[in-house]
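Next come the chains, spelled out residue by residue.
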Amino acid sequence: MTQIPPTIPLQALFDAQFNASRAQIDVPLALRRDRLGRLRSLIETHAGALSEAIESDFGVRSRQLTEAADLFVLRAAIGQLQKELPRWMKTRRVATPIYLLPASAHIQRQPLGVVGVIGPWNYPLQLNLGPAATALAAGNRVMLKPSELTPHTSALMASLVQQSFAAEEFSVVLGGADVAQAFSALPFDHLFFTGSTSVGRLVAAAAAANLTPTTLELGGKSPCVVDASCDLNDAAIKIAHGKLLNAGQTCIAPDYVLLPRGQEAAFEQAYTAAVAKLFPTLAGNPDYAAIVSDRHHARLVALLDEANEKGARVVDVAPPALGSSAPTRQMNPTLVFNPAPDLRLMKEELFGPILPVLPYDTIDETIAFINARPRPLALYWFGADTSARDRLLGSTVSGGVTVNDTLMHVAHEGLPFGGVGESGWGSYHGESGFLRFTQQKPVLVQSRWAMGKLFYPPYGAAFDRVMGLLRRWL
């Protein structure tokens, strides 16, 4: 990629946003809505060009896929922000305990100041502009660093944002890993990162030097548990959709399947049929995205080679006539049965169309298997047995859950979205995202009739009597 330098040097751009944020602490509703309106207009006016840029970056990725996975989600998020802002911005009154009466208390919601967003390449509109929109709604200034792996999309976003926003409001910074490193070292009021766990550690370490609070949206190995009570054909097509959307390059894609022992052949048949239904052709089919780069494609091939060498049963489930002759980085969907636990594909987040399948005998096995590993970003459960479902959900911890489907919890703007442990920290979407970028300032307004002097020294018998009374009320 030819690096396009920021119009303003990085530190100068941060300083301009910092000074603007301190000069205007109170950001009125009308201005917040205006900024969201400009962002929405940018998306609507240039949706076609943005979709074309994404297709150029991936090599193969349809406009419809970008519409469903990027643009639709963005519109829904901005629409909710516009609608709910008046309610979310309101000062919240808080009941005052008896020992502080007649004082009153409230929580004032204010912008943090300058929010940095480091976005990923897999959904380059949704996962870059979505957090930026929420931060703008909360009244902040925003600096966005998109991925260098989607150079056409990132450059177009930078140009369009520059046309619609003043640099001290919202700006996009382009560049590679060196720019990202310098970006994460800036003393933001909040730093939001979406990406791999390994890079997330570096971002968190850089932010810690400035005591900058962070939200880390990472990944991990999200399990898909198939219960014996489920409809296997229904489960298979939903798992295939979740796994193969964007060719598996989705942070919450099912990473492996835990399947009742003895159902391996039935699941293979059902999953193969589901793949054929979703993607009747593969080579050149724009609905089936290419792997984003040669490096990422080579990594996935190496994972399969290792699995083959170490005795796992690797099954190519692409439609038979297509083989692997696609002239692009489109990679055939693959099942891997009984992979050894020391394989890389059982340790690393896959981010591709490879799906390991592991048999289990009891629900206790699945719980133990999941809990022995880092807590996942998502967990999926399929079945009709609600007691088994509730036992699994009550005995495991994950960032989010969808029951009898995959991915869909991320589309619910009323649910917080985020990870736990190695899959991230902090959540966003809806009001939880708004609050993530908001300072909830507690305010206590003392009354002229306050009896605070009862607590002042010197202490003596009167103080003991007051404390004795309070102990009876508490």
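Residues numbered from 1 in each chain as written. Predicted model: local features only at pLDDT ≥ 70, side-chain atom pairs only at ≥ 80, totals over all residues. Heavy atoms only, no water.

J.: What exactly am I supposed to notice about the environment of Ile291 here?
T.: As for its placement among the helices and strands, Ile291 is situated in the loop between helix 10 (264–278) and helix 11 (294–309). The class of Ile291 is buried, set by a relative accessible area of 0%. Distance in space between the C-alpha atoms of Ile291 and Thr328 is 8.6 Å, their sequence separation being 37 residues. Aside from chain neighbours lying at most four places away, what touches Ile291 is Phe58, Ala247, Gln249, His296, His297, Leu300, Arg329, Met331 and Pro353. (Helix = DSSP H or I, 4+ residues; strand = E, 2+ residues; numbered from the N terminus. Buried < 20%, exposed > 50% of the residue type's maximum accessible area, 1.4 Å probe, protein only. Contact = heavy atoms within 4.5 Å.)

J.: Would you mind showing me how to read empty space enclosed by the protein here?
T.: According to the stated counting rule, one finds three cavities of 30 Å³ or more in the structure shown. Roughly 100 Å³ of volume is contained in the largest cavity. Taken together, Val73, Ala77, Gln80, Leu81, Gln126, Leu127, Gly130, Thr134, Glu413, Tyr428, His429 and Gly430 make up the lining of the largest cavity. Secondary structure elements with two or more residues in the lining of the largest cavity: helix 4 (63–89) and helix 5 (126–137). Residue classes in the lining of the largest cavity are distributed as five nonpolar, six polar and one charged. (1 Å grid on protein atoms, 1.4 Å probe; cavity = no way out; pocket = protein on both sides within 12 Å on 5 of 7 lines; lining within 4 Å. Points joined across faces, edges and corners; volume = space filled by probe spheres on them. Nonpolar A, V, L, I, M, F, W, Y, C, P; charged D, E, K, R; others polar.)

J.: Whenever I open this one, the packing of aromatic side chains confuses me. Can you help?
T.: For any pair of aromatic rings, the description rests on two quantities: the centre-to-centre distance and the angle between the ring planes. Summed over all chains, the structure comprises 14 aromatic pairs. Ring geometry for Phe14 against Phe18: centres 5.9 Å apart, planes inclined by 35°, an arrangement best described as tilted. With a gap of four residues between them, Phe14 and Phe18 both fall in helix 1 (residues 10–23), about one helical turn apart. Look at Phe14 and you get buried, because its relative accessible area is 3%. Taking the relative accessible area as the measure of exposure, Phe18 reaches 30% and is therefore partly exposed. Where Phe183 meets Phe188, the ring centres are 5.0 Å apart and the plane angle is 45°; that geometry is what we call tilted. Overall, the relative accessible area of 4% leaves Phe188 in the buried class. Connected via pairs of aromatic rings, a cluster forms that spans Phe14, Phe18, Phe183 and Phe188. Seen from the ring of Phe337, Arg313 lies directly overhead, with NZ or CZ sitting 4.2 Å from the centre. Lying over the aromatic face of Phe369, Arg373 brings its terminal NZ or CZ to 3.5 Å of the ring centre. (Phe/Tyr/Trp six-rings, centres within 6.5 Å; stacked < 30°, edge-to-face > 60°. Lys NZ or Arg CZ within 6 Å of the ring centre and 35° of its normal.)

J.: Please clarify how the pattern of salt bridges should be interpreted in this entry.
T.: Side chains that differ in charge, positive against negative, can pair when their charged atoms come close. Counted according to the given criterion, the structure contains 23 salt bridges. For the salt bridge of Glu67 with Arg75, the shortest nitrogen-to-oxygen distance reads 2.6 Å. For Arg75, a relative accessible area of 18% puts it in the buried group. Between Glu348 and Arg344 there is a salt bridge, with the nearest N and O atoms lying 2.9 Å from each other. Shared partners join several salt bridges into a network, and the residues in it are Asp34, Arg35, Arg38 and Glu169. (Salt bridge = Lys/Arg side-chain N within 4 Å of Asp/Glu carboxyl O.)

J.: What am I meant to see in the sheet that holds strand 8 (residues 223–226) here?
T.: Each strand in a sheet pairs with another by means of backbone hydrogen bonds, the pair being arranged parallel or else antiparallel. With mixed pairing, the seven strands of this open sheet are ordered in space as 10-11-12-9-8-13-14. Here the strands that pair on one side only, and so sit at the sheet edges, are strand 10 (313–316) and strand 14 (400–403). The sheet shows a mean angle of 20° between the axes of neighbouring strands, taken without regard to direction. Sheet topology note: the strand 8/strand 9 (residues 256–260) ladder contains three bridges and is parallel. What sits directly across from Pro223, in strand 9, is Tyr256. (Pairing = 2+ DSSP bridges. Axes fitted to C-alpha atoms, helices over the stretch in contact; angles between N-to-C directions.)

J.: Could you clarify how one ought to interpret the pairing of strand 14 in this entry?
T.: Strand residues, when the strand is regular, have side chains that alternate between the two faces of the sheet. In strand 14, alternate side chains face the same way, and those of Gly400 and Thr402 are buried while those of Val401 and Val403 on the opposite face are not. Sheet topology note: the strand 13 (residues 378–382)/strand 14 ladder contains four bridges and is parallel. By the bridge assignment for strand 14, Ala378 is matched with Gly400. For the segment spanning strand 13, helix 13 (residues 386–395) and strand 14, crossover handedness is right-handed. (Right-handed = clockwise from strand over helix to strand, strands pointing away.)

J.: Is there a simple way to think about the environment of Glu306 in this case?
T.: Positionally, Glu306 belongs in helix 11. Of the residues examined, Glu306 reaches a relative accessible area of 16% and is grouped as buried. Residues Glu306 and Ala273, 33 residues apart in the sequence, show an inter-C-alpha distance of 26 Å. Look past the residues within four positions of Glu306 in its chain and what remains in contact with it is Leu343, Arg344 and Leu345.

J.: Would you mind going over the layout of surface pockets with me for this structure?
T.: By volume, the largest pocket is sized at about 1,400 Å³. Taken together, 48 residues line the largest pocket, and the ones lying closest to its centre are Gly195, Ser196, Thr197, Ser198 and Val199. Elements with a minimum of two residues in the lining of the largest pocket: helix 7 (177–184), strand 6 (190–194), helix 8 (197–208), helix 11 and helix 12 (363–371). It is helix 8 that provides the largest number of residues to the lining of the largest pocket, a total of six residues. The residue inventory of the lining of the largest pocket, partitioned by class, reads 23 nonpolar, 14 polar and eleven charged. A volume near 440 Å³ is recorded for the second largest pocket. For the second largest pocket, the lining is made up of 22 residues, of which Ala68, Ala69, Val73, Leu245 and Val410 are closest to its centre. Mapped by element, the contributors of at least two residues to the lining of the second largest pocket are helix 4 and helix 5. Looking at the lining of the second largest pocket element by element, the count peaks at five residues for helix 4. The class makeup of the residues in the lining of the second largest pocket is 16 nonpolar, five polar and one charged.

J.: What should I look at first to understand the packing of helix 2 (residues 29–45) against helix 5 in this one?
T.: Describing two packed helices takes the angle between their axes plus the distance from one axis to the other. Two numbers describe how helix 2 lies on helix 5: the axes approach to 8 Å, and their chain directions differ by 160°. One element, helix 2, and the other, helix 5, form an angle in the roughly antiparallel class. Crossing geometry of helix 2 relative to helix 5 is assigned as left-handed. Residues Arg32, Arg35, Leu36, Leu39 and Ile43 of helix 2 form the contact with helix 5, whose participating residues are Leu129, Ala133, Leu136 and Ala137. (Parallel < 35°, antiparallel > 145°, perpendicular 65-115°, else oblique. Left-handed = near helix turned anticlockwise from the far one by under 90°.)

Note that every value here comes from positions in space, so none of it alone points to a role or purpose.
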